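Inside the fold
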Number of protein chains: 2
Amino acid sequence: MEFLEQLEAKILEVNKALRKYLEEKDNPQATIYKAMDYSLQAGGKRIRPVLMLACAEMMGAEQEKVMPFACAMEMIHTYSLIHDDLPCMDDDDLRRGKPTNHKVYGEAMAVLAGDGLLNFAYETILKYSQMSPNMTLAAMAIIAESAGVEGMIGGQVIDLESEGKAVDAITLMTMHLHKTAALIMASAKVGALLGGGGRDDLNAMEEFARYLGIAFQIKDDILDVSGSEEVLGKSIGSDKENEKSTFVSVYGLEQSEKMLTDYTQKAIEALSRYGTKAEFLINLSNFLLDRDR
Amino acid sequence: MEFLEQLEAKILEVNKALRKYLEEKDNPQATIYKAMDYSLQAGGKRIRPVLMLACAEMMGAEQEKVMPFACAMEMIHTYSLIHDDLPCMDDDDLRRGKPTNHKVYGEAMAVLAGDGLLNFAYETILKYSQMSPNMTLAAMAIIAESAGVEGMIGGQVIDLESEGKAVDAITLMTMHLHKTAALIMASAKVGALLGGGGRDDLNAMEEFARYLGIAFQIKDDILDVSGSEEVLGKSIGSDKENEKSTFVSVYGLEQSEKMLTDYTQKAIEALSRYGTKAEFLINLSNFLLDRDR
């Protein structure tokens, strides 16, 4: 199978599982489930779950056993977007070309849908994990730490406190290592763990995903100045308008493009020990480098 | 020891543990931790953790081993209050006599502090549990379900969708079985589970806490019309002002007082099999019945 077919197949499996977990709840017709489902199905790139599945697969695990953890990651990512878009946060009306959650369901329901998705991530693992209790707990611990104040939320706090300020390169990097890279790193590590990898594998996956996560953010920042509004499904130039410091505003476009290529290369180098088994992850890294949205 | 001393001692232990868990984080001086700590230390009654500790103790467990789970419950309760008080939700300025979280830290930080506390509840269990992996997972599953869309969040959704409407008794009861009783029931059940109780114990504790939880809410509603503002630390009559349906608005004051006594009695009856071992829980039930705040 070609890379894009493999990617598409993984995304489809993730989408199917996300739907299934929601549909098996008590009353999936309730508004709150619709609000949760709306943002879950709003067409994200599914980077985090795909990464977890691919890392686990490379170690030799069955995709099915990893799925509850992979979907939990996507739920956590999605809840953070819903809360991030709220009027008191970034106040965004559009996300992936569609009205944001609070624009459709109102602010109060959007707060609850975000809360519901974060909690649902843990519920899903606790309900569907087929891994051993020890493995389940170890994976949850990595996920919980990456999502918390020392991980993603910590990055959002730095973002919030940097609003309207020109931040330096250290603050920018610290912010994105937390806000963006933390969940991506956790996805890769949990994939390695559930796949039966040892400490060396977890370290290698963490290094790979750290570079990949930062490269991913740099690409996002580049697309915000040079992408196509139509393809992106959101207005370009929004970072500048919101006075957000980005890799482009701190390093300039040319240097950012160089960093993007370098970090993607370093991510791929971190996979060298896996030889041809890493083919999908290498292709994924290059795909994210070349994407236009 | 007298009941009030026992209660005070338990509350002190909970407060100490909550502080300790926060202080052992990476950078507890950061604003986000202050915001989380502010609401955690705002002087709640600690009903949920105290109940969990007491139920576990009655079954013969050491308090210390239950503490991470008990504190997780209080964190979940506290996050729900922070989000509930937001301008887009109940828009409350005061909580327990103090300015609400968003009044002190701003709306964006309050959203993140709530998110942080929900996630921190799971982090705390995963980091500090000394129970077996199976026991830890079983306890977390009860907690996660009670906090989710089929539990507390579901109750908040009913509350939100009932705004400005006169609801009937079924809706009112369903709302509070989820919004208030779910976490109280989960606290008692997890206490029984961690204390080594069997299925019968969990059922008995669930029945006890269902009556206690609804009695607790009825008392809250009664205090909102007949309590003292000074003692409560909030304005009375706020339910009426916010057009909230309450036990008093649906059943009247006299009937509500009767239900309060009846349900407290039924809660105590559910403890009969434990004889004198249930003394603390009986006293706690009567204490909650007679409280003035």
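This brings us to the overall build of chain A. When helices and strands are tallied, chain A shows 15 helices and 2 strands. A globule of 293 residues ought to have a C-alpha radius of gyration of about 19 Å, and chain A, at 18 Å, matches this closely. Overall, the C-alpha framework of chain A stretches about 50 × 50 × 35 Å when taken along its three principal axes. When the 293 residues of chain A are sorted by exposure, 51% land in the buried category. Restricting the contact set of chain A to residue pairs at least 6 apart, pairs at least 24 apart contribute 71%.

This part takes up the confidence of the model for chain A. Of the residues in chain A, 99% have a pLDDT of 70 or more, and the chain-wide mean is 93. Scoring the predicted complex yields pTM 0.95 and, for the interface, ipTM 0.95.

Bringing unusual backbone geometry into the picture now. Residue and element names in this part refer to chain A. If you check the backbone angles, Arg46 has positive phi at about 55° while not being a glycine. Looking at where Arg46 falls in the secondary structure, it is placed in the loop between α2 (31-40) and α3 (47-59). For Arg46, a count of 22 C-beta atoms within 10 Å corresponds to the buried category.

Size of an interface, as often reported, equals the accessible area lost when the parts are brought together. Counting residues at the interface gives 39 residues for chain B and 39 residues for chain A. The set of elements that each furnish at least two residues to the side of chain B that touches chain A consists of α2 (31-40), α6 (107-128), α7 (133-147) and α8 (152-161) of chain B. Counted by class, the side of chain B that touches chain A contains 24 nonpolar, 8 polar and 7 charged residues.

For the rest of this paragraph, the subject is α2 of chain B. Listing the buried residues of α2 of chain B in full gives Ile32, Tyr33, Ala35, Met36, Ser39 and Leu40 of chain B. For α2 of chain B, the angular spread of buried residues about the axis comes to 160°, placing them on one side.

Rules used throughout
- Residues numbered from 1 in each chain as written.
- Chains lettered and ligands numbered in written order.
- Predicted model: local features only at pLDDT ≥ 70, side-chain atom pairs only at ≥ 80, totals over all residues.
- Helix = DSSP H or I, 4+ residues; strand = E, 2+ residues; numbered from the N terminus.
- Rg over C-alpha atoms; globule rule 2.2 N^0.38 Å.
- Buried ≥ 20, exposed ≤ 12 C-beta atoms within 10 Å, placed from the backbone.
- Contact = placed C-beta atoms within 7 Å.
- pLDDT = per-residue confidence, 0-100.
- Nonpolar A, V, L, I, M, F, W, Y, C, P; charged D, E, K, R; others polar.
- Arc of directions from axis to C-beta.

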